[in-house]
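# Structural description and commentary
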Amino acid sequence: MTGTSPQGGAAADPGSPPGGCPANWCWRAGQRGPGRAVVFDIDGVLSDAAGRQHYLERGRRDWDAFFDACGDDPLVTEIARLLELLDRSLLVVLLTGRPLRVRPQTLAWLERYGLRWDVLVMRDRGEYQRAAAFKEAVVGQLRRAGLEPVLAFEDDPRNRDMFHRAGVPCVYIHSGYYE
Ligand SMILES: [Mg+2]
């Protein structure tokens, strides 16, 4: 796959569907909704990023190397199973702080494990807000697009707290990356 969305409207006004989606949204098989959505984080929830956490150890925070290695992560099988078992009427939103430049690795990884998803939302180029602020903005975009987040899964306590403040129940997954 290329780095551009086959269906996500690249020219759309960010955050103001209908008629299009922000360019950092990638629909798997065409835009869907309105409907109820379940939001999954990727790193530390669906993917086991423990093997590349060393890039972020104190004194050498190499975020580029950390994200570049994401295509080799093992799957978190318990969460993958849960995803598979969700009711088919629910839309699956993958909302990750990964930058858009690793979309190819991310799509290849999702394909390799045959994971179910509907839309993948990544950090756009030049988007450097804190993860919780970025994800909070996306929650608003989802709602405006008619995709009501009814549940989220997160391993970052700050993102979990944001979901709760935004009125989205959030299951906290303990990855240990934030201790
Ligand atoms: Mg995470």
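On to the overall build of the protein chain. On a plain count of helices and strands, the protein chain comes out with 5 helices and 6 strands. In the protein chain, which comprises 179 residues, the proportion classed as buried is 36%. Considering only contacts within the protein chain whose residues lie at least 6 apart along the sequence, 68% involve residues at least 24 apart.

One open sheet holds the 6 strands; their spatial order is β1-β4-β3-β2-β5-β6, and the pairing between them is mixed. The open sheet has two edge strands, β1 (25-27) and β6 (170-172), and neither has a second partner. Going across the sheet, the axis of each strand differs from the next one's by a mean of 20 degrees, ignoring polarity. As paired elements, strand β2 (residues 35-40) and strand β5 (residues 147-154) share 6 bridges and run parallel to each other. Counterpart to V39 in the pairing with β5 is A152. Where helix α4 (residues 131-144) meets the sheet, its contacts fall on β2, β3 (91-99), β4 (119-123) and β5, and the angle it forms with β3 comes to roughly 150 degrees.

What follows covers the nonpolar core. F40, V93 and V121 are the most contacted members of the largest nonpolar core, which totals 36 residues. Mapped by element, the contributors of at least two residues to this core are β1, β2, α2 (77-85), β3, β4, α4, β5 and α5 (157-165). With 5 residues, the single largest contributor to this core is α4. Discounting residues that sit within four places of it in the chain, V121 has contacts with N24, W25, V93, L94, L95 and V138.

Rules of the game
Residues numbered from 1 in each chain as written. Predicted model: local features only at pLDDT ≥ 70, side-chain atom pairs only at ≥ 80, totals over all residues. Helix = DSSP H or I, 4+ residues; strand = E, 2+ residues; numbered from the N terminus. Buried ≥ 20, exposed ≤ 12 C-beta atoms within 10 Å, placed from the backbone. Contact = placed C-beta atoms within 7 Å. Pairing = 2+ DSSP bridges. Axes fitted to C-alpha atoms, helices over the stretch in contact; angles between N-to-C directions. Core = buried A, V, L, I, M, F, W, Y, C linked by C-beta atoms within 7 Å.

Nothing here speaks to function; it is all geometry.
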